[in-house]
Amino acid sequence: MIATAAELTTAREQARASRDATQYRALVCAGTGCVANGALDVLEKFKELLGEDGVAFAHEAGAEVNHTGCHGFCERGPLVRIEGMDILYTRVRPEDVAEIVQATLSEGRVIERLLYPDPATGKRCRGEREIPFYALQTRTSLANCGHVNPDRIEEYLANDGYAALAAALETMTPAQVCAEVAASGLRGRGG
């Protein structure tokens, strides 16, 4: 349990160190659309090839594989984001995973056929910054969606989660915390 801002800082630093210990992160979208198109089979194939290590799956080349929440590009799922290389593979099938592990995670090569083809130009888009679907978006509340495993609190902490907790623990009275929550207008499950 975290009871002080110092403990929160320590937990955040440990979470970041764990996340940053790998060179590449292969993140398999486990949103509804991708799951409906076989993302869990893709994830299982990664597990089979890389070996299970608790929550993440480590590879000797400094790569890990994990699932994430929805990336928002359901029509092209299953999606696999390779962080550390700025790659977004689309319509990935279990039979593609061995090639991703060998070519991309081990050798650092891009698999062109798995990149999104821009329908207007035919150009293969390497990452989200090049994909027109994402180009006009500015994500705020969902900025980390598709980049973190929503089942792991450590990933939330590594991305500055609970930043307001430090203030609540160190500089606010219980009455001030209650007043802040009341002033926010939150109801029910956060809506």
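Chemist: Before we go on, may I ask you to explain the overall build of the chain in this structure?
Modeler: Of the regular secondary structure elements, the chain holds eight helices and seven strands. The burial tally for the chain puts 35% of its 191 residues in the buried class. Of the contacts made within the chain by residues no fewer than 6 positions apart, 62% connect residues no fewer than 24 positions apart. For the chain, the exposed surface amounts to about 10700 Å²; the carbon and sulfur share of it is 53%.

Chemist: I tried to follow the pattern of salt bridges on my own but got confused; where do I start?
Modeler: Where charged atoms from two side chains of opposite charge approach closely, those side chains can pair. Here the structure, examined in full by the defined rule, presents 15 salt bridges. Note that Asp160 is salt-bridged to Arg12, the shortest N-O span being 3.7 Å. One end of the pair, Asp160, is in the loop between helix H6 (153-158) and helix H7 (163-170); the other, Arg12, is in helix H1 (residues 5-20), with 148 residues separating them in the sequence. The exposure class of Asp160 is partly exposed, given its relative accessible area of 45%. The partner of Glu44 in a salt bridge is Lys47, and the shortest N-O contact between them spans 2.7 Å. Here Glu44 pairs with Lys47, and both are found in helix H3 (residues 39-50), just three residues apart, close to one helical turn. Salt bridges sharing partners connect three or more residues here, namely Arg25, Glu64, Glu83, Arg152, Glu154 and Glu155.

The rules behind the values
Residues numbered from 1 in each chain as written. Predicted model: local features only at pLDDT ≥ 70, side-chain atom pairs only at ≥ 80, totals over all residues. Heavy atoms only, no water. Helix = DSSP H or I, 4+ residues; strand = E, 2+ residues; numbered from the N terminus. Buried < 20%, exposed > 50% of the residue type's maximum accessible area, 1.4 Å probe, protein only. Contact = heavy atoms within 4.5 Å. Areas by Shrake-Rupley, 256 points an atom, 1.4 Å probe, with all protein chains shown as cover. Salt bridge = Lys/Arg side-chain N within 4 Å of Asp/Glu carboxyl O.

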